[in-house]
Amino acid sequence: MAGLSLAGVTKSFGDFDAVKDVSIDVKDGEFLAVLGPSGCGKTTLLRLVAGFEKLTAGEIRIGSDSVSSGEFNVPPEKRRVGIVFQNYALWPHMTVAENIGYSLKVAKVDRAEAKKRIDDALALVNLQGLGERRPANLSGGQRQRVALARCLVAAPSLVLFDEPLANLDVHLRAAMEDEFAAFHERTGTTIVYITHDQAEAMALADRIAVMDKGRLAQLATPRELYSEPANAMVASFIAQGMVLPAKVLTSEDSGHCRVEALGQEVVVRCRPGERPRDNAQICVRASDLVAAEAGEQGVDGSVKRAVYKGGAARIEFVPAAWPDVALHFEQREPNPFEAGSAARLRIASGWLIPAESAA
Ligand code: ATP
């Protein structure tokens, strides 16, 4: 297996930059998810790594080999990159074993050797004994595993996943997520996994690259993305974070600041070195909002909606003095917040969005 290095990667279509100055180092054996809203450039990035698109600027290296730069472009079939597509792309007239072994047949690999590699690949994806079936007689999850085995049999340097679970139902997605995680652990394959589903990215990836309008917005572990978003886009995109205007009053110690937000003072987490300033922003998660006790500082407003979620309700709240701000939080049963009723919330904590990226 090999790592992957992108340096200043840019892809323009005419004067539109679909991918702009993206630099990422994926370590050997790492599971990287590339996450972002529709049109942010995820598929273009994958196509650049696979070799289906030529770079406009920058360089791509797989292991120690440069495969794309302004001057040259190694063709897809010479990159040893495996791809698992969302629509499986299996040949219906071939058996599972024939689908998996097709690339070996084309490469004229000896029959006994090919059989061994096909059997090994079937075992890696837990499909022992199904080699003689046709794709039509498999479930969606099994077909996706055949696609995975077919890409593994060619011993790729790295494997790209292009929204592989997008066609599966919710239960099967969860089961396949577990399978992908187990597969990664077993094989140590370097994986780049494109998805717009953040729960999937969070569950699977060592690190996540969040893209926004062709640029890399943040590259971090799932936990860091959630608790320390680098900018307002990441804060609101990940787990529906609420981004609120704030004023930094004092910096309490190296990791905390006192801020004023929605008329309330609160101590939030922050990067070391933050200074008092106006026009700041904080990111507040649903778990950072609580009902204010009598005599506590808080935000007055009204409950817009209370949606039952099984064991808890999602409460949507509008502050009276800031009618354009939408807050939401979870209330466990029994739920005292009814739609239309007045309420008082307290912001209990949050994260100061770093100075250099605040709007
Ligand atoms: P989705 O999640 O919807 O698949 P994405 O993040 O994968 O989106 P891309 O498919 O990479 O996004 O597209 C990024 C942008 O580049 C889009 O605005 C798209 O219209 C544009 N784009 C992609 N391919 C081409 C092309 N061949 N010619 C012109 N524009 C393109």
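Residues numbered from 1 in each chain as written. Predicted model: local features only at pLDDT ≥ 70, side-chain atom pairs only at ≥ 80, totals over all residues. Heavy atoms only, no water.

## Focus: the overall build of the protein chain
Helix and strand counts for the protein chain stand at 8 helices and 20 strands. Burial analysis of the protein chain (359 residues in total) assigns 49% to the buried set. Considering only contacts within the protein chain whose residues lie at least 6 apart along the sequence, 64% involve residues at least 24 apart. When the accessible surface of the protein chain is split by element, carbon and sulfur atoms take 50% of a total near 17200 Å². (Helix = DSSP H or I, 4+ residues; strand = E, 2+ residues; numbered from the N terminus. Buried < 20%, exposed > 50% of the residue type's maximum accessible area, 1.4 Å probe, protein only. Contact = heavy atoms within 4.5 Å. Areas by Shrake-Rupley, 256 points an atom, 1.4 Å probe, with all protein chains shown as cover.)

## Some details on the pairing of strand β2 (residues 16–26)
Direction of pairing for strand β1 (residues 4–13) relative to β2: antiparallel, over a ladder of 7 bridges. By the bridge assignment, Phe13 is partnered in β2 with Phe16. Taking the residues that link successive antiparallel strands as the turn, the β1-β2 hairpin has 2 residues, and the phi of Gly14 there is positive, at about 65 degrees. (Pairing = 2+ DSSP bridges.)

## Overview of the nonpolar core
Counting 46 residues, the largest nonpolar core has Ile100, Leu148, Phe161, Phe180, Tyr193, Ile208 and Val210 as its most contacted members. At 6 residues, helix α4 (residues 140–152) tops the list of elements feeding residues into this core. Filtering out sequence-adjacent residues up to four positions away, Tyr193 remains in contact with Phe31, Leu32, Ala33, Val34, Phe161, Pro164, Leu165, Phe180, Glu200 and Leu204. (Core = buried A, V, L, I, M, F, W, Y, C linked by side-chain atoms within 4.5 Å.)

## Focus: the packing of α4 against helix α5 (residues 170–187)
The contact between α4 and α5 brings their axes to 10 Å, and the two run at 25 degrees. In terms of axis orientation, α4 runs roughly parallel to α5. As for how α4 packs across α5, the hand of that crossing is right-handed. Across the interface between the two elements, Gly140, Gly141, Gln144, Arg145, Leu148 and Leu152 of α4 pack against Leu172, Met176, Glu179, Phe180 and Phe183 of α5. (Axes fitted to C-alpha atoms, helices over the stretch in contact; angles between N-to-C directions. Parallel < 35°, antiparallel > 145°, perpendicular 65-115°, else oblique. Left-handed = near helix turned anticlockwise from the far one by under 90°.)

## Some details on unusual backbone geometry
Here the residue pair Glu333 and Pro334 is connected by a cis peptide bond, since its omega of -5 degrees sits within 30 degrees of zero. In this structure, Pro334 sits in the loop between β18 (327–332) and β19 (342–347). Of note in the backbone geometry, Asp21 takes a positive phi value of approximately 50 degrees without being a glycine. Mapped onto the secondary structure, Asp21 falls in strand β2. Given the relative accessible area of 49%, Asp21 is considered partly exposed. Unusually for a residue other than glycine, Asn279 sits at a positive phi of about 55 degrees. Judged by its relative accessible area of 65%, Asn279 falls in the exposed class.

## Some details on the sheet that holds β19
Across the sheet, which stays open at both edges, the 5 strands sit in the order β15-β19-β16-β17-β18 with antiparallel pairing between neighbours. The open sheet terminates on both sides in strands that have one partner only, identified here as β15 (289–291) and β18. This sheet shows a mean twist of 50 degrees between the axes of neighbouring strands, independent of strand direction. In terms of strand pairing, strand β16 (residues 299–308) meets strand β17 (residues 312–319) through 7 bridges, oriented antiparallel. Across the sheet, residue Gly301 finds its bridge partner in β17, namely Pro319.

## Topic: the sheet that holds strand β9 (residues 207–212)
One open sheet accounts for 6 strands, arranged β6-β7-β8-β3-β9-β10; its pairing is mixed. Each edge of the sheet is formed by a strand with only one pairing partner; in this case those strands are β6 (81–84) and β10 (215–220). Averaged over all pairs of adjacent strands, the angle between their axes in this sheet comes to 20 degrees, without regard to strand direction. Relative to β9, strand β3 (residues 31–35) runs parallel, the two sharing 4 bridges. Each residue of the ladder has a partner; that of Val34, found in β9, is Ala209.

## Overview of the pattern of salt bridges
Evaluation of the coordinates by the stated rule reveals 15 salt bridges. Linking Asp300 and Arg344 is a salt bridge whose minimum nitrogen-to-oxygen distance equals 3.0 Å. Here Asp300, found in strand β16, pairs with Arg344, found in strand β19; they are 44 residues apart in sequence, far enough to count as distant. Taking relative accessible area as the criterion, Asp300 reaches 43% and is therefore assigned partly exposed. Using a relative accessible area of 33% as the deciding quantity, one classes Arg344 as partly exposed. Connected through salt bridges with shared partners, the residues Lys11, Arg47 and Glu53 form a single ionic network. (Salt bridge = Lys/Arg side-chain N within 4 Å of Asp/Glu carboxyl O.)

## Looking at the side chain of Glu163
Inspection of the secondary structure puts Glu163 in the loop between β7 (158–162) and α5. Here Glu163 occupies a buried position and makes no salt bridge, while the nearest side chain of opposite charge, Lys42, is found at 4.7 Å. Polar side-chain contacts of Glu163 include one of 2.9 Å to the side chain of His196. (Lys, Arg positive; Asp, Glu negative; His and termini not counted. Polar contact = N/O pair within 3.5 Å; in protein donor to acceptor, adjacent residues only side chain to side chain.)

## Observations regarding the domain arrangement of the protein chain
Partitioning the protein chain into structural domains gives domain 1 (4–227) and domain 2 (241–353). Its C-alpha centre places domain 1 at a distance of 39 Å from the equivalent point of domain 2. (Domains from an automatic or database assignment.)

## Topic: helix α1 (residues 42–50)
When you tally the buried positions in α1, you get 7 out of 9 residues, the bulk of the element. By the burial criterion, the buried members of α1 are Lys42, Thr44, Leu45, Leu46, Leu48, Val49 and Ala50. Residue Gly51 follows α1 closely and has a positive phi angle near 100 degrees.

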